[in-house]
Amino acid sequence: MKLLQTEIKEIYLFLERNYSLVVIIGGATLFLVLQPYNIIWNHWFSNLFYYFMLPLAVIVLLLRRNPLDFGFRLGNPRIWGVHVAVVIIIGLPVLFAASRFHTVRDYYTMADFNILIYSLEIAVILFAWEFLFRGFMLFGLKEKLGEASIIVQMIPFALLHIDKPEIEALSTIITGIYFGYIVYRGGSYWPAFIIHLFINLALVYFVNLV
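Conventions adopted
Residues numbered from 1 in each chain as written. Predicted model: local features only at pLDDT ≥ 70, side-chain atom pairs only at ≥ 80, totals over all residues. Heavy atoms only, no water. Helix = DSSP H or I, 4+ residues; strand = E, 2+ residues; numbered from the N terminus. Buried < 20%, exposed > 50% of the residue type's maximum accessible area, 1.4 Å probe, protein only. Contact = heavy atoms within 4.5 Å. Lys, Arg positive; Asp, Glu negative; His and termini not counted. Charge placed at Lys NZ, Arg CZ, Asp CG, Glu CD. Phe/Tyr/Trp six-rings, centres within 6.5 Å; stacked < 30°, edge-to-face > 60°. Axes fitted to C-alpha atoms, helices over the stretch in contact; angles between N-to-C directions. Parallel < 35°, antiparallel > 145°, perpendicular 65-115°, else oblique. Left-handed = near helix turned anticlockwise from the far one by under 90°. Bend = angle between axes of the 7 residues up to and from the residue. Core = buried A, V, L, I, M, F, W, Y, C linked by side-chain atoms within 4.5 Å. Salt bridge = Lys/Arg side-chain N within 4 Å of Asp/Glu carboxyl O.

K.L.:
Give me the lowdown on the overall build of the protein, citing residues and values where you can.
P.N.:
Of regular secondary structure, the protein possesses nine helices and zero strands. The secondary structure elements of the protein, listed N-terminal to C-terminal, are α-α-α-α-α-α-α-α-α. Expressed along its principal axes, the backbone C-alpha trace of the protein runs to roughly 70 × 40 × 25 Å. Residues classed as buried in the protein amount to 43% of the 210 residues present. Put simply, 74% of the contacts in the protein that link residues at least 6 apart link residues at least 24 apart. Treating the 14 positive side-chain charges of the protein as one cloud and the 13 negative ones as another, the clouds have centres 9 Å apart.

Below, the structure is given as structure tokens:
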């Protein structure tokens, strides 16, 4: 009985010492598991709810912190702006080449493709994705983990792509670290959102319109 009480006390002390880590990593994992099984209304709103609204509620209610501290500020555009420009310039020919892969074309070819509707929906989805990984997780973990937070947030980001073309899923290991690095250095999650949106739209446009 005494041993059990000791273990319960140790568990409590562990949770107390690592409260923010448990809340952030546990919360992000929970939201990622819940979303595929409990779609709310439609795909884009479900992503917004689980990957943006719920993390925002955790920040305010459980962590009792200012949401602006989780990447919403512009940070240092002089640092991250260079990365955005370079990715766009280099990314266009690379994405065009990637769009010629048959596995990529099979996955992203859409019947009755509507540019406006797709662009709006994917912008909402990626806004939520980027907030979960590069906002909620990275900024939430960096105080305790420092640069290691870049690696931690990459893991679930890569796993979320596991049902996509293999070349894309493998690339997310690199891009997940790179996005995290830009956000960490630039002090803002906006560059990751801009780059991620550019990559997705360019690839889908090349597949469906070129």
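The rest of the description comes next.
K.L.:
Requested: an account of the packing of aromatic side chains, with residues and values cited.
P.N.:
Applying the stated criterion across every chain yields a total of 21 aromatic pairs. Ring centres 5.1 Å apart and planes at 70 degrees place the aromatic pair Phe52 and Phe131 in the edge-to-face group. Residue Phe52 is located in helix H3 (residues 43–61), and its partner Phe131 is located in helix H6 (residues 115–145); the two are separated by 79 residues in the primary sequence. Among the residues examined, Phe52 registers a relative accessible area of 15% and is labelled buried.

K.L.:
Kindly report on unusual backbone geometry, identifying the contributing residues and their values.
P.N.:
Phi is positive for Arg64, which is not a glycine, with a value near 50 degrees. Residue position: Arg64 is located in the loop between H3 and helix H4 (77–98). Exposure remark for Arg64: the relative accessible area of 70% places this residue in the exposed category. Even without a glycine there, the phi angle at Asp112 is positive, about 55 degrees.

K.L.:
Can you explain the packing of H3 against H6? Please cite residues and give values.
P.N.:
Closest axis-to-axis distance for the H3/H6 pair is 8 Å, and the angle between their directions is 30 degrees. It follows from the interaxial angle that H3 and H6 lie roughly parallel. Along this stretch, H3 crosses H6, giving a crossing that reads as left-handed. From H3, His43, Trp44, Asn47, Leu48, Tyr51, Phe52, Pro55, Leu56, Val58 and Ile59 reach across to H6, where they touch Glu121, Val124, Ile125, Phe127, Ala128, Trp129, Phe131, Leu132 and Phe136.

K.L.:
Describe H6, and please don't skip the residues or the numbers.
P.N.:
Residues that lie three or four places apart on an α-helix share one face, since the helix turns once every 3.6 residues. In the structure, H6 departs most strongly from a straight axis at Leu138, where the bend amounts to approximately 40 degrees. Positive backbone phi, at 60 degrees, marks Gly146, one or two positions downstream of H6.

K.L.:
Break down the packing of H6 against helix H7 (residues 148–159) for me, with residues and values.
P.N.:
Closest axis-to-axis distance for the H6/H7 pair is 8 Å, and the angle between their directions is 150 degrees. On the basis of the axis angle, H6 is roughly antiparallel to H7. Helix-helix and strand crossings are classified by hand; for H6 and H7 the assignment is right-handed. For the pair H6 and H7, the contacting residues are Trp129, Glu130, Phe133, Arg134, Met137, Leu138, Leu141, Lys142 and Leu145 in the first and Ala148, Ser149, Ile150, Val152, Gln153, Pro156 and Phe157 in the second.

K.L.:
Talk me through the environment of Tyr189; I want residue IDs and the actual numbers.
P.N.:
You can see Tyr189 is positioned in the loop between helix H8 (166–186) and helix H9 (190–209). Classification of Tyr189 by relative accessible area gives buried; the value is 0%. Taking the C-alpha atoms as reference points, Tyr189 and Arg134, 55 residues apart in sequence, are found 5.8 Å from one another. What Tyr189 contacts, discounting residues up to four positions off in sequence, is Gly71, Phe72, Phe127, Glu130, Phe131, Arg134, Gly135, Phe139 and Val183.

K.L.:
Lay out the nonpolar core in plain terms, naming residues and giving numbers.
P.N.:
Tyr51, Phe131, Leu132 and Phe136 are the most contacted members of the largest nonpolar core, which totals 56 residues. Counting only elements with at least two residues in this core, the list comes to helix H2 (19–37), H3, H4, helix H5 (102–108), H6, H7, H8 and H9. Of the residues forming this core, the biggest block, 16 residues, is contributed by H6. Dropping the residues within four chain positions of it, Phe136 is found in contact with Val23, Ile24, Ala28, Pro55, Val58, Ile59, Phe70 and Phe131.

K.L.:
Tell me about the pattern of salt bridges, and name the residues and values.
P.N.:
Using the criterion set out here, one finds three salt bridges in the structure. Between Asp69 and Arg73 there is a salt bridge, with its nearest N and O atoms 2.7 Å apart. Among the residues examined, Asp69 registers a relative accessible area of 34% and is labelled partly exposed. Note on Arg73: relative accessible area 39%, which makes it partly exposed. Between Glu168 and Lys164 there is a salt bridge, and its shortest N-O distance comes to 3.9 Å. Its relative accessible area of 18% is what places Lys164 among the buried residues.

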